[in-house]
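Here is how the chains run, residue by residue.
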Amino acid sequence: MSLPDTLFDRSDPPRLTPLGLDGMLITFSDRMDDAANRAALAFRDRIDAEGWPGLRETATSLCSAYVSFDPATLPPADLQARLREILADRDWLAADLPANRTLWTVPASFEGDHAPQLADAAELAGLSVEAAVREICARPLRALALGYAPGQAYLGQMDDHWDLARQKDLTPTVKEGAVVTAVRQLIIFATSGPTGWRQVGMTRFKAFRPDDSDRPIAFAPGDEVQLRAVSADELERLAEKPLAGATHEAIR
Amino acid sequence: MTKLTVHKIGPGASVQDLGRRGWLSQGLSRGGAADRLALLEGAALLEQSPDLAALELSAMGGSFTVDAPTRIALTGAPMRASLDGEPLRWSASHLVKPGQTLALGPATSGVWSYLSVGGGIDTAPILGSRAAHLALGLGPKLETGTELPMGKDKGGPVEQILEVSDRFKGGDIRILPSTHTALFAREDLERFTETTFTRDQRGNRQGVRLKHDGAPFATRDQLGLVSEVIVPGDIQMTGEGTPYILLPECQTTGGYPRIGSVLPVDLPKAAQAAPGAKLRFAFVDRDAALAAHQSEDAQLTALKKAVRPLVRDPAKMRDLLSYQLISGVTAGRPETGDTQ
């Protein structure tokens, strides 16, 4: 059988790509790029504000916004036309980040068993261990996207020298709360599981708290997260506190 | 509050509803019933809201009792079913009284079977839904002795039936392009639509693996793909080039290439293909997909219209049913509460 040429349409970003019958991706870059991440966050915020009937859910990933819709109410062709109009409205790569984001400060230990690959990662980044911890905690990092587990945020971007490749061999399991790094990003693990990233620290933070009806999933895309270095003892003391000692405030 | 007591239950069973929306961007997939149509069928048979939760059973089934007269509906993958040893019709509603044992299973075809109850299973909602998320450990663990609360039944008829098309043996599945379809070579996409796939043994609520003869499927530069949103129905190629049809508990983002996405109306059929079933995929154009599409509201309305009373001649009923289910239930020997 011959397939229609439309199956092979893939223009350069920004690009609309139907994802099945009831989904649409708006892609701002085909490789990880900070401006594209900001664009995706801002674009999603704009779509949420439109509140079209038939809009079911929106989301972002690293460089794309995603719209889930009911095709019976909002025909895909109409949605595409509206999205194109909004795309043309402005330079989304230069858009401001949306309001209503949260700044989190999360205590983390970088000592002993809490940081089994810190020395390794520091060396690869060309830093002393002390300088590495200082840089990891130096500034808030943006939740570029969440995935793998509920509440698991990919935080970035760190400076270029943190562009560490993943390990060839997976670490069979890191614990919930572990801080791992690769490709200019940090993750606070929201579950325990295998990873190809290097574990450089430990928090007691639970990013997924299904019993907390208020905020069952701590982080949302676009939130800022700053780690605060504490001793291993202090980390255990804080573990008993609400949010394991983490604090949060609205970003104005 | 009335209770449904589990006496025996196979692995992979869980409480399910239509899942939770609104958490995709924070890494939690919609979840909910693997065969959403079966939940709608249960709601139509019991004349109640499709938002109520039911029991999703895998092939082995289970046995159950109630502590008050309870309307039930049996939908999804057909199972052998009996009440105190008396065969029960599938895709139908029945009344179960205290003291009677409802024995379900094994499935005669398909993968996911549903036991809906009047008033719904009334476990505590988590993030807006009662749907268990097995990969995350959300929802009650079902085992011998588990007592599940049931909501108040507003009442309605029983002994109603639905004629449903057989979606339990694989077949032709219609797909539309997904994130990475355009990155596959034309000859690979053509080969994909010309290949007969077999549902592998490996599968769960996250996705089911397909196997095929011939070369693996891959895109150019597929290790460099940026992670994108994933939804149930996407057909994802793993690193080894083997397709998986992703189901309600799939991850929310990922960087493996997705060759297509199953039409929502064909997803129940894709999910119900049991190990060994054959599946073939065909790209359809968007207009054809839209013409075939029915919202879940529209599906429920149509199902409600299709519900019919079970017509039978009481004098002949016992013989007739045992004739139809001759290879099925052993009559007169009710399941006891033994564990497996």
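About the criteria used
- Residues numbered from 1 in each chain as written.
- Chains lettered and ligands numbered in written order.
- Predicted model: local features only at pLDDT ≥ 70, side-chain atom pairs only at ≥ 80, totals over all residues.
- Heavy atoms only, no water.
- Helix = DSSP H or I, 4+ residues; strand = E, 2+ residues; numbered from the N terminus.
- Buried < 20%, exposed > 50% of the residue type's maximum accessible area, 1.4 Å probe, protein only.
- Contact = heavy atoms within 4.5 Å.
- Areas by Shrake-Rupley, 256 points an atom, 1.4 Å probe, with all protein chains shown as cover.
- Domains from an automatic or database assignment.
- Buried area = accessible area lost by both parts, 1.4 Å probe.
- Salt bridge = Lys/Arg side-chain N within 4 Å of Asp/Glu carboxyl O.
- Polar contact = N/O pair within 3.5 Å; in protein donor to acceptor, adjacent residues only side chain to side chain.
- Nonpolar A, V, L, I, M, F, W, Y, C, P; charged D, E, K, R; others polar.
- UniProt positions renumbered as here; feature names shortened; annotations may be inferred.
- 1 Å grid on protein atoms, 1.4 Å probe; cavity = no way out; pocket = protein on both sides within 12 Å on 5 of 7 lines; lining within 4 Å.
- Points joined across faces, edges and corners; volume = space filled by probe spheres on them.
- Lys, Arg positive; Asp, Glu negative; His and termini not counted.
- Expected span 1.5 Å × (residues − 1).
- Pairing = 2+ DSSP bridges.

- The name that an unreviewed UniProt entry assigns to chain B is Biotin-dependent carboxylase uncharacterized domain-containing protein, with the source organism given as Palleronia salina.

- Identification of chain A as Allophanate hydrolase subunit 1 from Palleronia salina is taken from an unreviewed UniProt entry.

### Side note on the overall build of chain B
Reasoning step 1: From N to C terminus, chain B includes six helices and 22 strands.
Reasoning step 2: If you line up chain B on its principal axes, its C-alpha atoms span 65 × 40 × 40 Å.
Reasoning step 3: Out of the 340 residues in chain B, the part that is buried amounts to 56%.
Reasoning step 4: At a minimum sequence separation of 6, the contacts of chain B that also span at least 24 residues come to 79%.
Reasoning step 5: Accessible surface, chain B: about 13900 Å² in total, of which carbon and sulfur atoms supply 51%.

### Points about the domain arrangement of chain B
Residue and element names in this part refer to chain B.
Reasoning step 1: Assigned domains of chain B: these are domain 1 (3-165 + 301-322) and domain 2 (170-292).
Reasoning step 2: Each of domain 1 and domain 2 was reduced to a C-alpha centroid, and the two centroids are 28 Å apart.
Reasoning step 3: Contacts between the two partners involve 23 residues from domain 1 and, on the opposite side, 16 residues from domain 2.
Reasoning step 4: Summed over both sides, the interface of domain 1 with domain 2 buries roughly 1500 Å², with 58% coming from carbon and sulfur.
Reasoning step 5: Counting across the domain 1 and domain 2 interface gives one salt bridge.
Reasoning step 6: Applying the counting rule to domain 1 against domain 2 returns twelve residue pairs in polar contact (both at pLDDT 80 or more).
Reasoning step 7: In terms of residue class, the side of domain 1 that touches domain 2 is built from eleven nonpolar, nine polar and three charged.

### Some words on the UniProt feature "domain: Carboxyltransferase" (unreviewed entry) in chain A
Reasoning step 1: Taken from the UniProt record, the annotation "domain: Carboxyltransferase" (unreviewed entry) applies to residues 14-219 of chain A.
Reasoning step 2: For residues 14-219 of chain A, the end-to-end C-alpha separation is 26 Å, with 22% helix and 30% strand making up the annotated structure.

### Quick notes on the layout of surface pockets
Reasoning step 1: One number sums up the size of the largest pocket: a volume of about 1700 Å³.
Reasoning step 2: The wall of the largest pocket is formed by 45 residues, among which Tyr154(A), Arg166(A), Ser227(B), Gly254(B) and Gly255(B) lie closest to the centre.
Reasoning step 3: For the lining of the largest pocket, the elements supplying multiple residues, two or more each, are strand E6 (141-146), strand E10 (185-188) and strand E11 (193-195) of chain A together with strand E18 (243-246) and strand E19 (253-254) of chain B.

### Looking at the side chain of Asp223(A)
All names here are of chain A.
Reasoning step 1: Looking at the secondary structure, you find Asp-223 in the loop between strand E12 (198-202) and strand E13 (224-230).
Reasoning step 2: Lacking a salt bridge, the buried Asp-223 has Arg-215 as its closest oppositely charged neighbour, with an N-O distance of 5.2 Å.
Reasoning step 3: Within the structure, the side chain of Asp-223 is placed 3.0 Å from the backbone nitrogen of Thr-102, a separation counted as a polar contact.
Reasoning step 4: Residue contacts for Asp-223: discarding those within four places in its chain leaves Arg-101, Thr-102, Trp-104, Leu-141, Arg-142, Ala-143 and Ala-218.

### Looking at the interface of chain B and chain A
Reasoning step 1: Taken residue by residue, the interface counts 44 residues in chain B and 48 residues in chain A.
Reasoning step 2: For the chain B face of the interface with chain A, the top three residues by lost area are Ser25(B), Gln26(B) and Arg186(B), together amounting to 16%.
Reasoning step 3: Here chain B and chain A share two salt bridges between them.
Reasoning step 4: At the boundary of chain B and chain A, one finds 15 residue pairs in polar contact (both at pLDDT 80 or more).
Reasoning step 5: Those elements that place two or more of their residues in the side of chain B that touches chain A are helix H2 (186-194), strand E16 (228-229), strand E20 (258-262) and helix H4 (286-292) of chain B.
Reasoning step 6: With five residues, the top contributor of residues to the side of chain B that touches chain A is H2(B).

### Focus: helix H1 (residues 34-50) of chain A
Residues and elements named next belong to chain A.
Reasoning step 1: The first and last C-alpha atoms of H1 sit 25 Å apart over 17 residues, in line with the 24 Å expected at 1.5 Å per residue.
Reasoning step 2: Those residues of H1 that fall on the buried side of the exposure criterion are Ala-36, Asn-37, Ala-39, Ala-40, Leu-41, Ala-42, Phe-43, Arg-44 and Ile-47.
Reasoning step 3: Looking at the buried residues of H1, the elements they touch are strand E2 (23-27), strand E3 (55-60), strand E4 (64-69), helix H2 (76-89) and E6.
Reasoning step 4: Two to three positions downstream of the cap, the backbone nitrogen of Ala-35 sits 3.2 Å from a side-chain oxygen, assigning the N-cap of H1 to Asp-33.
Reasoning step 5: Backbone geometry just downstream of H1 places Gly-51 in the positive-phi region, at approximately 55°.

### Notes on the sheet that holds strand E11 (residues 147-150) of chain B
Residue and element names in this part refer to chain B.
Reasoning step 1: Reading across the sheet, the six strands line up as E7-E6-E9-E4-E1-E11 and stay open at both edges, with antiparallel pairing between neighbours. Looking at which strands have only one partner, the edges of the open sheet turn out to be strand E7 (86-87) and E11.
Reasoning step 2: Across four bridges, the pairing between strand E1 (residues 2-9) and E11 is antiparallel. Bridging across to E11, Thr-5 finds its partner in Glu-147.

### Side note on the domain arrangement of chain A
Residue and element names in this part refer to chain A.
Reasoning step 1: As far as domains go, chain A holds domain 1 (15-94) and domain 2 (101-251).
Reasoning step 2: With centres defined by C-alpha atoms, the gap from domain 1 to domain 2 works out at 29 Å.
Reasoning step 3: Listed by partner, the interface residues are ten residues for domain 1 and seven residues for domain 2.
Reasoning step 4: Between domain 1 and domain 2 lies a buried interface of about 700 Å² when both sides are counted; carbon and sulfur atoms form 52% of it.
Reasoning step 5: Counting the contacts that link domain 1 with domain 2 gives one salt bridge.
Reasoning step 6: Arg-142 is paired through a salt bridge with Asp-34; the nearest N and O atoms lie 3.1 Å apart.
Reasoning step 7: Linking domain 1 with domain 2 are three residue pairs in polar contact (both at pLDDT 80 or more), by the criterion used here.
Reasoning step 8: Looking at the side of domain 1 that touches domain 2 element by element, the count peaks at five residues for H1.

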